[in-house]
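# Topology and contacts: notes
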Amino acid sequence: MVIDTQLASFFTSGALIIIGIFAALFIDNLIKKVIGLAFIADGVNLFIITMGYKAGGIVYIFMPGMVIDQFAQNASYPLPFALVLTSIVIGASTLAVMLGLIILLYKKYGSINASKILGE
């Protein structure tokens, strides 16, 4: 049985989101929680890219000598790619801030376990 690329990408994005939710909710280590949140963001980005995928599509750059009708019918959708690029930049900066806060919490409490920091 052969699975097509778009369906495999949907399954992979779903798996990344589920793994990230599990890590964010059930793991006590703060760094692993942050990695779980990054998995969720990567899964959502893959989902958006997969939605913008067009089988047999071409790059959405109109080159000299192209026929406008062929370009309009075969070009992939540029909006999902632009949204994901923006999401990656925002995600990287947010990840840096979260890791910086974890460093400050470690210096203050001497641990990166959420249960010890919250005093449970």
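Bear in mind the structure is a predicted one, so any value in this text is a computation, not a measurement. (Residues numbered from 1 in each chain as written. Predicted model: local features only at pLDDT ≥ 70, side-chain atom pairs only at ≥ 80, totals over all residues. Heavy atoms only, no water.)

So, on to the overall build of the chain. Within the chain, the secondary structure is distributed over 5 helices and 0 strands. Overall, the chain shows an N-to-C arrangement of helices and strands of α-α-α-α-α. The globule rule puts the C-alpha radius of gyration for 120 residues at 14 Å, and the 20 Å found for the chain is more than 25% above it. Across its three principal directions, the C-alpha atoms of the chain cover 65 × 35 × 15 Å. The 120 residues of the chain split such that 18% are buried. Sequence-distant contacts in the chain: of pairs separated by 6 or more residues, those separated by 24 or more amount to 52%. (Helix = DSSP H or I, 4+ residues; strand = E, 2+ residues; numbered from the N terminus. Rg over C-alpha atoms; globule rule 2.2 N^0.38 Å. Buried < 20%, exposed > 50% of the residue type's maximum accessible area, 1.4 Å probe, protein only. Contact = heavy atoms within 4.5 Å.)

Turning our attention to the nonpolar core. Nonpolar side chains in soluble globular proteins tend to end up buried together. Formed by Leu30, Val34, Ile102, Ala114 and Ile117, the largest nonpolar core amounts to 5 residues. Secondary-structure elements contributing two or more residues to this core are helix 2 (30-51) and helix 5 (114-118). Setting aside anything within four residues of it in sequence, one finds Val34 in contact with Leu95, Met98, Leu99 and Ile102. (Core = buried A, V, L, I, M, F, W, Y, C linked by side-chain atoms within 4.5 Å.)

The next thing to look at is a nonpolar patch on the surface. On the surface, Ile19, Ile31, Ile35, Phe39 and Leu99 cluster together into a nonpolar patch covering about 390 Å² of accessible area. Among the elements that line the nonpolar patch, the one with the most residues is helix 2, at 3 residues. (Patch = residues over 30% accessible without salt bridge, like charges linked within 9 Å, V, L, I, M, F, W, Y side chains within 5 Å. Areas by Shrake-Rupley, 256 points an atom, 1.4 Å probe, with all protein chains shown as cover. Salt bridge = Lys/Arg side-chain N within 4 Å of Asp/Glu carboxyl O.)

The feature "transmembrane region" (unreviewed entry), as annotated in UniProt, sits at residues 6-27, 34-62 and 82-106 in this numbering. With 62% helix and 0% strand, residues 34-62 has its two end C-alpha atoms placed 40 Å apart. (UniProt positions renumbered as here; feature names shortened; annotations may be inferred.)

Here we come to the packing of aromatic side chains. Tallying each qualifying case throughout the model produces 2 aromatic pairs. Between the aromatic rings of Phe10 and Phe47, the centroid separation amounts to 5.4 Å while the plane-to-plane angle is 55°, which identifies the pairing as tilted. Residue Phe10 is located in helix 1 (residues 5-26), and its partner Phe47 is located in helix 2; the two are separated by 37 residues in the primary sequence. You can call Phe10 partly exposed: its relative accessible area is 27%. Residue classification places Phe47 among the partly exposed residues on the basis of a relative accessible area of 38%. Seen from their ring centres, Phe22 and Phe26 are 5.4 Å apart, and the 45° between their planes marks the pair as tilted. Of this pair, Phe22 and Phe26 are both found in helix 1, 4 residues apart, which corresponds to roughly one turn of the helix. For Phe22, a relative accessible area of 48% corresponds to the partly exposed category. With relative accessibility at 61%, the residue Phe26 sits in the exposed group. (Phe/Tyr/Trp six-rings, centres within 6.5 Å; stacked < 30°, edge-to-face > 60°.)

Now for helix 2. Its 22 residues give helix 2 an end-to-end C-alpha distance of 32 Å, which sits within 8% of 32 Å, the value for a rise of 1.5 Å per residue. For helix 2, the full list of buried residues reads Leu30, Lys33, Val34, Gly36, Gly43, Asn45 and Thr50. Tucked inside the fold, the buried residues of helix 2 contact helix 1, helix 4 (78-109) and helix 5. Where helix 2 begins, the capping side chain belongs to Asn29, and its oxygen is found 3.0 Å from the backbone nitrogen of Ile31. (Expected span 1.5 Å × (residues − 1). Polar contact = N/O pair within 3.5 Å; in protein donor to acceptor, adjacent residues only side chain to side chain.)

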